[in-house]
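A look at the structure
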Amino acid sequence: MNKEQFEKLINETLDVTGIDILKTKSRRIEVVDAKVAVVNIMRKFYGTSMQLTADMLKYTHHTTILHHEKDHSARYRFRPQYADVYDELCKRCVSRNTAINVNELVKIMKELV
C-alpha cells in the first residue's frame, strides 16, 4: 500500500464514519470499529504487513494489528454497525480498484464470515 492509497482509505473512513482515526485517541466503540475496519482492509485488500500497518496508523506495536485481525470475524457477525462500516469501505476500495460487481463481493464476504 502506498501513501496515496493510505490517504484515500483514511479519507474514505472519515467520509463514512465522520472519524479521523489518525487524530482520534478514543476507545469509544465507533472509533475502534473504524480502526479495526481499516486495519483489516489494509491487510486483506492491500497485503500490507503487520509492521507497516502499525507504523502507518501510528500504533506502538504490531500486536494491536494482530488483535484487530482476530477480532474482525466476531465483530462482523455480532456488531451490525461494524459490518456496515466495513462493507461500505470495502465497496469504495473495490470500486476504485477493479471492475467487479461490488454487491456480489459483499455477498461472498458475508458467506465467509
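Every chain is numbered independently, its residues counted from 1 as its sequence is written. Two thresholds apply to this predicted model, a pLDDT of at least 70 for residue-level local features and 80 or more for giving and counting side-chain atom pairs, whereas whole-chain, interface and lining totals are computed over all residues. Side-chain numbers come from the whole structure's heavy atoms, not from hydrogens or water.

Some remarks on unusual backbone geometry
Across residues other than glycine, the phi torsion is negative in most instances, and most of the peptide bonds are trans. Even without glycine at this site, K58 takes up a positive phi of about 60 degrees. Numbering of helices and strands runs from the N terminus; a helix is a DSSP stretch of H or I covering at least four residues, while a strand is a stretch of E covering at least two. Along the polypeptide, K58 turns up in the loop between helix 3 (50–56) and helix 4 (63–78). Burial status follows relative accessibility: with a 1.4 Å probe on protein chains alone, a residue under 20% of its type maximum counts as buried, one over 50% as exposed, and anything between as partly exposed. Judged by its relative accessible area of 57%, K58 is exposed.

Re the environment of K3
Structurally, K3 is set in helix 1 (residues 3–17). Look at K3 and you get exposed, because its relative accessible area is 62%. For the pair K3 and M56, spaced 53 residues apart in sequence, the C-alpha separation works out to 8.9 Å.

Concerning the packing of helix 2 (residues 29–46) against helix 4
Interaxial distance between helix 2 and helix 4 falls to 9 Å at its minimum, and their mutual angle equals 105 degrees. By the criterion of interaxial angle, the relationship of helix 2 to helix 4 is roughly perpendicular. Mapping the contact onto sequence places I29, V32, D33, K35, V36, V39, N40, R43 and K44 in helix 2 and I65, H68, E69, D71, H72 and R75 in helix 4. Lys, Arg, Asp and Glu make up the charged group, whereas Ala, Val, Leu, Ile, Met, Phe, Trp, Tyr, Cys and Pro make up the nonpolar group; the residues left over, Gly among them, are polar. Looking at the contact of helix 2 with helix 4 residue by residue, the classes come out as five nonpolar, three polar and seven charged. Only the stretch in contact is used when fitting a helix axis, every axis being a line fitted to C-alpha atoms; angles between N-to-C directions are given from 0 to 180 degrees. Throughout this description, any angle smaller than 35 degrees is read as roughly parallel, any larger than 145 degrees as roughly antiparallel, any in the 65 to 115 degree range as roughly perpendicular, and the remainder as oblique. Contact definition: two residues touch when any of their heavy atoms are within 4.5 Å.

Some remarks on the packing of aromatic side chains
Only Phe, Tyr and Trp rings take part, Trp by its six-membered ring, and two of them pair if their centres are within 6.5 Å. Stacked means planes under 30 degrees apart, edge-to-face means over 60, and tilted covers everything else. Tallied over the full model, the rule gives two aromatic pairs. Seen from their ring centres, Y82 and Y86 are 6.0 Å apart, and the 20 degrees between their planes marks the pair as stacked. Of this pair, Y82 and Y86 both sit in helix 5 (residues 80–97), separated by four residues, roughly a single helical turn. An identical accessibility class is assigned to Y82 and Y86; each is buried. Joined through ring pairs, the aromatic side chains of Y76, Y82 and Y86 make up one cluster. Across from the ring centre of Y82, 6.0 Å away, lies the NZ or CZ of R75, which sits over that ring. Geometrically, a charge over a ring is one whose NZ (Lys) or CZ (Arg) sits within 6 Å of the ring centre while staying within 35 degrees of the ring normal.

Description of the environment of V106
Position of V106 relative to the elements: it lies in helix 6 (residues 102–112). Overall, V106 belongs to the buried group, its relative accessible area being 11%. Residue contacts for V106: discarding those within four places in its chain leaves D87 and K91.

Brief notes about the side chain of T53
One can find T53 in helix 3. You can call T53 buried: its relative accessible area is 0%. Setting aside residues no more than four positions away along its own chain, T53 makes contact with V39, M42, R43, T48 and I65.

Thoughts on the state of the cysteines
To count as a disulfide, a pair of cysteine sulfur atoms needs to be within 2.5 Å. Across all of its chains, the model carries zero disulfides by this definition. Its sulfur unpaired, C93 is 6.7 Å from the next cysteine sulfur, which belongs to C90. According to the relative accessible area criterion, C93 is buried, its value standing at 1%.

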